[in-house]
Amino acid sequence: MRDPAIDSLFLHLLGAAIFDRPVDVSRIETLDALFWKKIIGLARRQSVSALIADTILSLSEEMLPPREQRFQLLQLVEKTQFLNGKLLSVLRDLTEEYTQLGIPYVLLKGPGNGTNYPKPLLRNPGDLDLLLYRKGDYERTREWLAGKGIDIVDADGIHYKFEKDGVSIENHRRITYFDHKKYDRLFRSVEENLKREENFYLSSIGDLTVQQLPVELNAFFIFQHLFRHFVHNGVGFRQFCDWILFLSKHRQEIDADSFTALSKSFALLYPMQVFARAAEKYLDVSPSIFPFATITDDKYADRVIEDILDSGNFGFHRSGKKRPAQKLRGMWFSYTTTVHRTRKFGALSPEHCQILPFTKLMHRLKIGFR
Amino acid sequence: MRLKENYSIRKIGDEFMMISHHESSLDYTRVISLNDSAAYLIGETGHHVFTSEEWVALLIEKYGIDRTLAEIDVQVLVDKLIRENLVDA
C-alpha cells in the first residue's frame, strides 16, 4: 500500500542523493522506525537503496533512524560498493582478455552510467553489457567462450549471456532494437554509421579507460532503453536517475537541435518531454539539463511517477497479482501486463505502445512457447 | 599487532563505525561501533604495526588521562578487535 508521505520523502532524499544536495531536515525531525523502514523498503524496490542509505546516514545524530537501522543502512552501502568493486574487477579482467583477442568493445549502460553519479559505487549494479561492434567478433567470442567450457544463454536475438566470477555479462551484437519495424530499420542505419565511424566516447572508470557510445547517441539510447522497459513492464528510479544524471553531466556536449531531431525521428521526443517534466516536478531537476524544449503539462508526468513508484525495478514490485511460476501462465501474465500498460500509456506514445499487443503476440508465435 | 587490510571508518551521527571487508565475500563484512578515542587510535595507526603500550601513550598524550584508565581503554579496544577478527596479532 502506497503512502504519499513516504513517497514524498523518498523523492526528496533521492533528489538530494543524486545531486549531492542538502536534505531539508525539517522533513525528518519526528520520524519513527516504522517510517524509516518503509523508506528503506521503497528504496530497495526502486533499486536505489545505497543512494538513499548513504544520504540518510549523512544526517545529524538527532535526525538519524534508530541504531539498529543505521547498521542495516551501512550494510546496504557496503554491499553495493562491494558488488560494484566486483563488477569493475570482472570488467578489468574481461578487457584484458578481449584486448589479447583483438576484440574491442563498447560498454553500454551499467558502470558507464555509474560514472555520472556523485558517488559512482553507490549506483546499484546490474550486469555488464558489451557491444561487440566489429564484424565477426560476436561469433568469435561465442566460440572462444564455448572453447573454455563456459555456458552461453541466448537472449532476445541481439545478445547472449554468460557468467564470470558471479557477474552476468551480456555480449551484444546490436545496441538495442525497436518493436516497431520502421524505427528498428531506422536505428539499424544509425548503428551502421557508428560501426563505420567508430567515433566512440572514451570514459574513465577507476583505472580503466573504456569506450562508450558517442554522447548524443548514448543520451538517446539510455532513454530508449528506459522507455522500452517502461511500456513493457515498468521501470524503477535507478533507470530514471541514469538518464537524468547522464544529461546533467553531458548537457554541454549535446547539440539540442540535433538531439531533438534524432528523438523526433524515432517518435520519442514527447515521451522524453514527459519524463523530463516528471524529473523537474518530483526530483527538482533543472529543466536546463534537457537538450530539448521542455513542457509544463503534468498530465502524463504525474502518471509516469505514480507508475514508477508502483512498479519498482523493471516492474518486479507492482502491487497486486504476481507473475505465476508456471511457464505458460507466466507468459500470459507478461502479455496481459503489456496489454494493460498499452492501454494506460498508449496516448503517451502511440507509435511505440499501441503496436505492442500485436508485436508481442507475433514474436511469441515466431519463437514458440519455449 | 596490525589492523587487517580493507577496513574503513565512517562517522554516523555521533558514532564511529568501523567496517571491515573480506576481499572476496560480503559474508565476512564486519561492522563495529567505536567511541571517539578508539576511532582516534585506529586513525592514527592505519596499517602500521602497533603495540598496546604505544596506544596507551597516544591516549595519554591526546586526552591527558591517567595511565590506568588509558590501559583499561586500550585493553577493551584490543579485545574487541581480536574478538571481531580485525587484527593480526
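Being a predicted model, the structure only gives us computed values, none of them experimental.

Caption draft 1: Examining the overall build of chain A more closely. Looking only at helices and strands, chain A has 15 helices and seven strands in total. Relative to the globule expectation of 21 Å for 370 residues, the C-alpha radius of gyration of chain A, 21 Å, shows essentially globular dimensions. C-alpha atoms of chain A, sized along the principal axes, occupy 60 × 50 × 45 Å. A burial count over chain A gives 39% of its 370 residues as buried. Once local pairs closer than 6 in sequence are excluded, the contacts in chain A between residues at least 24 apart make up 64%.

Caption draft 2: Quick look at the interface of chain B and chain A. At the junction of the two partners, chain B supplies nine residues and chain A supplies eleven residues. Taken together, the residues that form the side of chain B that touches chain A break down as five nonpolar, three polar and one charged.

Caption draft 3: Local environment of unusual backbone geometry. Residues and elements named next belong to chain A. Positive phi values are uncommon outside glycine, yet K109 reaches one of about 55°. With respect to the element layout, K109 can be found in the loop between β1 (106–108) and α5 (110–114). Backbone geometry places D284, a non-glycine residue, at a positive phi of 55°. Secondary-structure assignment places D284 in the loop between α11 (269–283) and α12 (299–311).

Caption draft 4: Representation of the sheet that holds strand β3 (residues 153–154) of chain A in the model. All names here are of chain A. Spatially, β1-β2-β5-β4-β3 is the arrangement adopted by the five strands of the open sheet, whose pairing is mixed. Of all strands in the sheet, those bounded by a partner on one side alone are β1 and β3. Sheet topology note: the β1/strand β2 (residues 128–131) ladder contains three bridges and is antiparallel. For L107, the partnering residue across the bridge sits in β2 and is L130. Across the face of the sheet, helix α4 (residues 67–101) comes into contact with β2, β4 (159–164) and β5 (167–172) while running at roughly 45° to β5.

Caption draft 5: Region of interest: the pairing of strand β3 (residues 15–20) of chain B. All names here are of chain B. Note that strand β2 (residues 7–12) and β3 share six bridges and pair antiparallel. For K11, the partnering residue across the bridge sits in β3 and is F16. Between β2 and β3, which pair antiparallel and follow one another directly, the connecting turn spans two residues, one of which, G13, has a positive phi of 60°. Pairing of β3 with strand β4 (residues 30–34), which is carried by five bridges, proceeds in the antiparallel orientation. Bridging across to β4, M18 finds its partner in I32.

Caption draft 6: Structural context of the packing of helix α2 (residues 52–63) of chain B against helix α3 (residues 67–83) of chain B. Residue and element names in this part refer to chain B. Put simply, α2 and α3 touch, their axes get as near as 9 Å, and they point 125° apart. The pairing of α2 with α3 is recorded here as oblique in orientation. Between α2 and α3 lies a crossing of right-handed hand. Residue-level inspection shows S52, W55, V56, L59 and I60 of α2 in contact with α3, the latter providing R67, A70, E71, D73, V74 and V78. In terms of residue class, the contact of α2 with α3 is made up of seven nonpolar, one polar and three charged.

Caption draft 7: Expanded view of the sheet that holds β2 of chain B. Residue and element names in this part refer to chain B. Strand order in the open sheet formed by three strands is β2-β3-β4, with antiparallel pairing between adjacent strands. Either end of the sheet is taken by a strand with one partner, and the two such strands are β2 and β4. For this sheet, the mean inter-axis angle between neighbouring strands, taken without regard to orientation, is 25°.

Caption draft 8: Examining the environment of H229 of chain A more closely. All names here are of chain A. You can see H229 is positioned in helix α8 (residues 215–232). The spacing of H229 and N313 is 84 residues in sequence and 9.9 Å in space, taken between C-alpha atoms. In contact with H229, not counting residues within four places along its chain, are V235, Q239 and F314.

Caption draft 9: Region of interest: the nonpolar core. The biggest cluster of nonpolar side chains holds 88 residues, and the ones touching the most others in it are L14, I52, A219 and I244 of chain A. With sequence-adjacent residues up to four places away left out, L14 of chain A is seen in contact with V48, L51, I52, F237 and L283 of chain A. Core analysis: the next-biggest nonpolar cluster, separate from the first, contains 15 residues, L34, L59, V74 and L77 of chain B among them.

Caption draft 10: Spotlight on the pairing of β4 of chain A. Residues and elements named next belong to chain A. Relative to β4, β3 is paired through two bridges, and the arrangement is antiparallel. Across the sheet, D154 pairs through a bridge with Y160, a residue of β4. Linkage of β3 to β4, two consecutive antiparallel strands, is achieved through a turn of four residues, within which G157 is found at a positive phi near 95°. With six bridges joining them, β4 and β5 adopt antiparallel strand pairing. Bridge assignment links K164 to a residue of β5, and that residue is V167. Between the end of β4 and the start of β5, which pair antiparallel, lie two residues, with D165 showing a positive phi angle near 50°.

Caption draft 11: Local environment of α3 of chain B. Residue and element names in this part refer to chain B. Its 17 residues place the ends of α3 24 Å apart at the C-alpha level, agreeing with the 24 Å of an ideal helix rising 1.5 Å per residue. Within α3, the full set of buried residues consists of A70, V74, L77 and L81. Down the axis of α3, the buried set is contained in an arc of 65°. They therefore lie on one face. Turned more than 90 degrees off the buried face of α3, the exposed positions are T68, I72, V76, D79 and R83. Of the surrounding elements, those touching the buried residues of α3 are α1 (36–45), α2 and β5 (87–88). Trailing α3 by a residue or two, N85 shows a phi angle of about 60°, which is positive.

Caption draft 12: Broad picture of the environment of P22 of chain A. Tracing the backbone shows P22 of chain A in the loop between α1 (4–19) and α2 (33–45). Separated by 89 residues in sequence, P22 of chain A and P111 of chain A have C-alpha atoms that sit 25 Å apart.

The rules we used
- Residues numbered from 1 in each chain as written.
- Chains lettered and ligands numbered in written order.
- Predicted model: local features only at pLDDT ≥ 70, side-chain atom pairs only at ≥ 80, totals over all residues.
- Helix = DSSP H or I, 4+ residues; strand = E, 2+ residues; numbered from the N terminus.
- Rg over C-alpha atoms; globule rule 2.2 N^0.38 Å.
- Buried ≥ 20, exposed ≤ 12 C-beta atoms within 10 Å, placed from the backbone.
- Contact = placed C-beta atoms within 7 Å.
- Nonpolar A, V, L, I, M, F, W, Y, C, P; charged D, E, K, R; others polar.
- Pairing = 2+ DSSP bridges.
- Axes fitted to C-alpha atoms, helices over the stretch in contact; angles between N-to-C directions.
- Parallel < 35°, antiparallel > 145°, perpendicular 65-115°, else oblique.
- Left-handed = near helix turned anticlockwise from the far one by under 90°.
- Core = buried A, V, L, I, M, F, W, Y, C linked by C-beta atoms within 7 Å.
- Expected span 1.5 Å × (residues − 1).
- Arc of directions from axis to C-beta.

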